[in-house]
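Chain by chain, the residues:
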Amino acid sequence: MNIKEIHPIGYCYGVINAINLAKKVREDNPCSTIYVFGMIVHNEVVAKELSDIGIVTIDTTGIDKISRLKEFKPGDIVIFTAHGHDESLDSILDANNVTHYDAVCKIVKLNMSKIREAVDSNRDVIFIGKAGHPETEASISISPRVHLYDIKDGIDYSSIGDNPLVTNQTTLSFLEIEHIHEDIRFNRPNADIIDEICSASRLRQQALANLNEEIDLCLIVGSIKSSNTNKLYEIALGKENIRKTLKINDVNDLRDVDLSNVHSVHIASGTSTNIKVVEDIKKYLEER
């Protein structure tokens, strides 16, 4: 079996920094109760790794975040995730003397600063993203002048000025936003469009999109909750030279897969996928 990795692969720097921050907080506070408010990155393996050192991940999906934050007590420590968060939430923890840290990716943080600059200049902002994604929620929370262009439902242009700043969720596909940019240019010709897909995601997407050789199986490794992993999966599905594409979380998802007629495999991973998970998959395939 011919097995190849599509590079880059494994953690990106933003994920590494977020995990290292969490581990450092645990090291510096060995007796404290430490919580991550949401998944620090979208990968269950990472959440398990943090759980093993006593860091509790709180699933914030569908909950009243304000009410939950008010439940923390002095002595608790809260870490906000790498995706960014509504910074008004900080004041809730400050009011209760709860220590908190921000693991936000520097690329996300820079993007949010550009949004604030535009709003401070009395400009509207169009943010292209997936409704409900933590980065999207964090970005549109900055101001009522930040309008969501949902990747599924689009946008109502009626309340948007003539020269909006246009930016996007950093984990989207570069292919996905091309037609959205065209739609925005048609409706707002003076829009200032900046493409903020992070380089770690873009390089993986481009490497997969440029894959031209015929292969039997492409494995996209990462969590179902990971936006950038899902974008890789969508790109792979659209390629005619790939006979079959599977999205898997780890090697266990391969146990029941029939590999008898598979002679060539390419492996790609999301930015929050541990390289060890990829190595375990590669070893399993080699042994077969």
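Here, every reference points to the structure presented above.
Residues numbered from 1 in each chain as written. Predicted model: local features only at pLDDT ≥ 70, side-chain atom pairs only at ≥ 80, totals over all residues. Heavy atoms only, no water.

(A) Quick peek at the side chain of K231. Within the element layout of this structure, K231 appears in helix α9 (residues 227-237). Overall, the relative accessible area of 6% leaves K231 in the buried class. (Helix = DSSP H or I, 4+ residues; strand = E, 2+ residues; numbered from the N terminus. Buried < 20%, exposed > 50% of the residue type's maximum accessible area, 1.4 Å probe, protein only.)

(B) Spatial organisation of the sheet that holds strand β11 (residues 242-248). Taken in spatial order, the four strands of this open sheet run β1-β12-β10-β11, and their pairing is parallel. Edge positions in the sheet fall to β1 (2-5) and β11, since each has one partner strand and no second. Going across the sheet, the axis of each strand differs from the next one's by a mean of 20°, ignoring polarity. Of the pairings in the sheet, the one linking β1 to strand β12 (residues 264-269) comprises four bridges and is parallel in character. Across the sheet, residue K4 finds its bridge partner in β12, namely H266. In this fold α9 packs onto β10 (215-221), β11 and β12, with an angle of close to 165° to the strand it touches most, β11. (Pairing = 2+ DSSP bridges. Axes fitted to C-alpha atoms, helices over the stretch in contact; angles between N-to-C directions. Contact = heavy atoms within 4.5 Å.)

(C) Quick look at helix α1 (residues 13-28). With 16 residues, α1 extends 22 Å from end C-alpha to end C-alpha; this agrees with the ideal 22 Å at 1.5 Å per step. Among the residues making up α1, those that are buried are G14, V15, A18, I19, A22, V25 and R26. Burial along α1 is one-sided: seen end-on, the buried residues are contained in an arc of 135°. Seen from the open side of α1, the exposed residues pointing more than 90 degrees away from its buried face are Y13 and E27. Buried residues along α1 sit in contact with β2 (34-37), α2 (44-51), β3 (55-58), β4 (77-80) and β5 (99-102). (Expected span 1.5 Å × (residues − 1). Arc of directions from axis to C-beta.)

(D) The arrangement of the pattern of salt bridges in detail. The tally for this structure, following the rule as stated, stands at 16 salt bridges. Of the charged contacts, one joins D52 and K48 as a salt bridge, the two residues approaching to 3.0 Å between their closest N and O atoms. The exposed category is assigned to D52, whose relative accessible area is 53%. The closest approach of N and O atoms between E71 and R68, which form a salt bridge, is 3.3 Å. (Salt bridge = Lys/Arg side-chain N within 4 Å of Asp/Glu carboxyl O.)

(E) Up close: the sheet that holds strand β6 (residues 125-129). Reading across the sheet, the four strands line up as β7-β6-β8-β9 and stay open at both edges, with parallel pairing between neighbours. The strands lining the two open edges of the sheet, one partner per strand, are β7 (146-150) and β9 (192-193). Inspection of the sheet shows β6 paired to β7 by five bridges, in the parallel sense. Across the sheet, G129 pairs through a bridge with D150, a residue of β7. Those strands touched by helix α5 (residues 106-120) are β6, β7 and β8 (165-168), and its axis lies near 160° from that of β8. Running over the sheet, helix α7 (residues 176-187) touches β6, β7, β8 and β9 and is turned about 155° from β6.

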